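Survey of secondary and tertiary structure
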Amino acid sequence: MNNAVNDGVWSGSWVAERLGVQLMGDDELKRMLGLALRRNPKRAHLLVSNVLGKHVPQSPSVVYGAGFALGRRVRELLGAEEAGDAVVLGYAETATGLGHAVADGVGDAPYLHSTRRPVAGVAPAGGFEESHSHATSHLLLPEDPALLAGDGPLVLVDDEFSTGNTVLNTIRDLHERYPRRRYVVVALVDMRSAADAGRLADFAGEIGARVDLVAAASGTVRLPEGVLEKGQELVARYEAESAAEGGSSSAGALGPVAQFPAPPDGGVAVAADVQGDPLGARGCVESAATAAWARPAPTGPHPADERTHPHIARVDLHWPPGLPDGGRHGFTPAHRARLEAALPAMAARLAEALPEGPRRVHVLGFEELMYAPLRLARELEQVAEGVEVRYSTTTRSPVLAVDDPGYAIRTRLVFPAHDDPADGPGERYAYNVAGAGFDAVIAVVDSAADTPELHAPEGLLAQLAAHTPHVLLAVVPAYVPGPQALPERHPMLPEPLRGPAFSSYAPEEVGWLLQDLSDVTLEAPTEEREEAIQSGGAHYAESLPVEYQPSEQYQALFHAALEESAARLAQAAGAVTEIVLAERSPRPVLVSLARAGTPVGVLMRRWAQFRHGLELPHYAVSIVRGRGIDANALRWLAAHHDPRDVVFVDGWTGKGAITRELTAAIREFEASDGITGFDPEIAVLADPGSCVRTYGTRDDYLIPSACLNSTVSGLISRTVLRADLVGPHDYHGAKFYRELAGSDVSVAFLDAVSARFPEVLDAVDATVKELLSGDRAPTWEGWAAVERISEEYGIHDVNLVKPGVGETTRVLLRRVPWKILARAGAGADLDHVRLLAEQRGVPVEEVAELPYTCVGLIHPKYTRGATGADGRAVNL
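For the structure given in this document, a descriptive report is provided here. No experiment lies behind these values; they were computed from the predicted model shown. (Residues numbered from 1 in each chain as written. Predicted model: local features only at pLDDT ≥ 70, side-chain atom pairs only at ≥ 80, totals over all residues. Heavy atoms only, no water.)

Quick look at helix H15 (residues 597-612) now. Here H15 is 16 residues long and its end C-alpha atoms lie 22 Å apart, about the 22 Å a rise of 1.5 Å per residue gives. Residues of H15 that are buried: Gly597, Thr598, Pro599, Val600, Gly601, Val602, Leu603, Met604, Arg605, Arg606, Trp607 and Ala608. (Helix = DSSP H or I, 4+ residues; strand = E, 2+ residues; numbered from the N terminus. Expected span 1.5 Å × (residues − 1). Buried < 20%, exposed > 50% of the residue type's maximum accessible area, 1.4 Å probe, protein only.)

In structure tokens, the structure reads:
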């Protein structure tokens, strides 16, 4: 639906014919824009975007894709290095979601959007005026004011440029406070006149900064003399006609909800939107009249309470605790990573709550809350097969609704503001939703807007219920910066588990801040787990894969690899330990991320004992992608050690997802508990992804502990986090596979590496000297490579791309692999990968100039039908 040009009728023709407004540009411009009228003393016409997701329901993939593509163009303009220093600023309310999508396209850029919602306790870091808007004041409320204080490029994002005044006001205000060398202005459409364009260029010269412009389309609007007065008269006439006709309660002061004539069978006539798709998106599957008559709508407002109206229901998204709902106070790359990980499960909950067999579903966001509903809608669009998903948001902007194919705003719902706005009560609007034939509407609001006004008889939910058979409400917690109320604490957390009761390691080697779930059946077949994980039906940490039992040939490869690499591992373990001692703490507390980090933590502890006579404490804790680190484990550590001495340890980096996860989790923990001092910088044996500063090597080579599962990790499973097993005062769980003792090589692995410590002393000293004097700043090359591979191979999900020898091995042992990419000429480091791939029927494709030795690709969109009956891979 919702194309600006439908059956030869442009959705701006009604305004153009009556006011003489001309939209000058190519056909693409008219496909992106329609026209409407608004009651505004400064501007009569409104450019209505068909790809923004504000006034016109649109495919969420089209909306997100438009912003993301602009972000990619910004990244190309700036280059990778400058893009890495960029900050993206979006404008409220219309461009908050667009700016978010642009930031995603730029890459690792933090994002902030202006807001019209003051937040108690948060001091503004700036503000500016929007000259033509009905609501002008913009506030900048970053949680971290330093977000605006850097000298990297500032990318300003709005939906349109009409005069450029808003951009000038913003840059003027910010440049006085936080001067910088470069600005990039981004919009879907650039509609400035030549004079306005020149004014921006003059202003850039005046402040001595470079200002670039990126837009998806450009053109101009020609306005005849007296258009403002003529437009006001036209709006007033339609208002008067509406009042004379006794417009419906959902019409408000700017015209009635558009109505089709009563159907011949006596069914209820409701408003319908008959516009088509922009940019080639899927069209409407039935005519507007058919959609309107197909199912009678309720005839009047209903109290939005599921107890009395079962067709209105609340859906618990299980939004990640502490994750901001958007960019009002800043949204970092770590926040983005957490959201990406949580989206599949949240979309699955929405899909489960939908009525049976829906054809068309609308996700309706709320004013500035555009990005979270957009991402949920896009994820729902991908998982809800056969369902046409559309997305738009409510708005403050009062626009005339006219039921004419040549007019962009066909229908309108009016309802009272429901978030206690600072400027007082008033009307709010949802356009082109009424009568559009949606089988269900999912309203997504933040908790500040989940008020009695939302649920009132005249409120938004009741208005929606009058036009669709099913209304779902999803509430995202409104993020407020600063320390929150301290959670209820368990009076005494358990002491760490130790071997031999839990794990095959000696008790002094490591203490496990975990709970023992050895008696619980948690294993599931690999194919079954993969299908559940990718469908959003389960999180990967809620079950365990069946432990891989290596063949004799594979065990022989492990021992050969260990013999070959032991000295190299000893050198890396020594180097990373020395760097920790030199830079982090003279008596560090090693806290390994279970379980891949645990053997490395033991090796580091052994090196400190061998070289310096230190007996370092060492613990293992759980961290789960998308759900953060075990907060109870952090509380125990803070009660027994100085958090400033804690050094988190892992085996290796891939694309850096866990690095980002830990950074976000520590920040969240500081906000929730008020405990500070934990440094999220991970120390790793190998950093092929260039994600950390503390490492032994950045080479991507075989670390033999990656070859096996529990039998090289103290016979401990990967960690488990499931609500029915792990309560709020429990550590995360894991299993001790005592029955695999006959195959255990955990201690043999450690002994083989530490036995080489004496021979690598000089090499360690040389390596440490080189590393301490060199530039170890993370470049995140791995993440960029994974994004590129994800797109090149049509996967479109970085979580299904596992780079590096260690991660590729895990794919082959625990997931359903699709194919393996191997660097051309890679040697013995990949012998075990080739053997596993052969056993599972997975092709190995040699690739020139691969930044890793190998990359494992998990089967995209996996179902059990995607493999053969024997579980071996088949081609897509």
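Let's pick the thread back up.
A sheet is described by the order of its strands in space; here five strands give the open sequence E7-E6-E10-E11-E12, paired in parallel fashion. Only two strands of the sheet have a single partner each, and these edge strands are strand E7 (111-113) and strand E12 (210-218). In this sheet, adjacent strand axes meet at a mean angle of 20° when their direction is disregarded. Bridge count for strand E10 (residues 154-161) against strand E11 (residues 182-190) is seven bridges, and the pairing is parallel. Across the sheet, residue leucine 156 finds its bridge partner in E11, namely valine 185. (Pairing = 2+ DSSP bridges. Axes fitted to C-alpha atoms, helices over the stretch in contact; angles between N-to-C directions.)

So, on to the side chain of arginine 38. When you line up the elements, arginine 38 lands in the loop between strand E4 (33-37) and strand E5 (45-49). No salt bridge forms around the buried arginine 38; measuring N to O, its nearest opposite-charge neighbour glutamate 160 is 6.2 Å away. Polar contacts involving the side chain of arginine 38 include one to the main-chain carbonyl oxygen of histidine 45, which spans 3.4 Å. (Lys, Arg positive; Asp, Glu negative; His and termini not counted. Salt bridge = Lys/Arg side-chain N within 4 Å of Asp/Glu carboxyl O. Polar contact = N/O pair within 3.5 Å; in protein donor to acceptor, adjacent residues only side chain to side chain.)

Bringing the pairing of strand E26 (residues 618-621) into the picture now. On E26, burial covers both faces: His618 and Ala620 on one face and Tyr619 and Val621 on the other are all buried. Where strand E21 (residues 511-512) lies against E26, two bridges are found, and the strand directions are parallel. Bridged to glycine 511 within E26 is tyrosine 619. Pairing between strand E25 (residues 589-593) and E26: four bridges, direction parallel.

To summarise the sheet geometry, strands pair through backbone hydrogen bonds and adopt either a parallel or an antiparallel arrangement. An order of E33-E36-E34-E35 is seen for the four strands of this open sheet, with the pairing classed as mixed. Of all the strands in the sheet, just strand E33 (801-803) and strand E35 (844-847) have a single pairing partner and so form its edges. Averaged over all pairs of adjacent strands, the angle between strand axes in this sheet comes to 20°, irrespective of strand direction. Alignment of strand E34 (residues 817-823) against strand E36 (residues 854-858), held across five bridges, turns out to be antiparallel. Counterpart to isoleucine 820 in the pairing with E36 is glycine 856. In the packing of helix H20 (residues 781-792) onto the sheet, the strands contacted are E33, E34 and E36, and the crossing angle to E33 comes to about 140°. (Contact = heavy atoms within 4.5 Å.)

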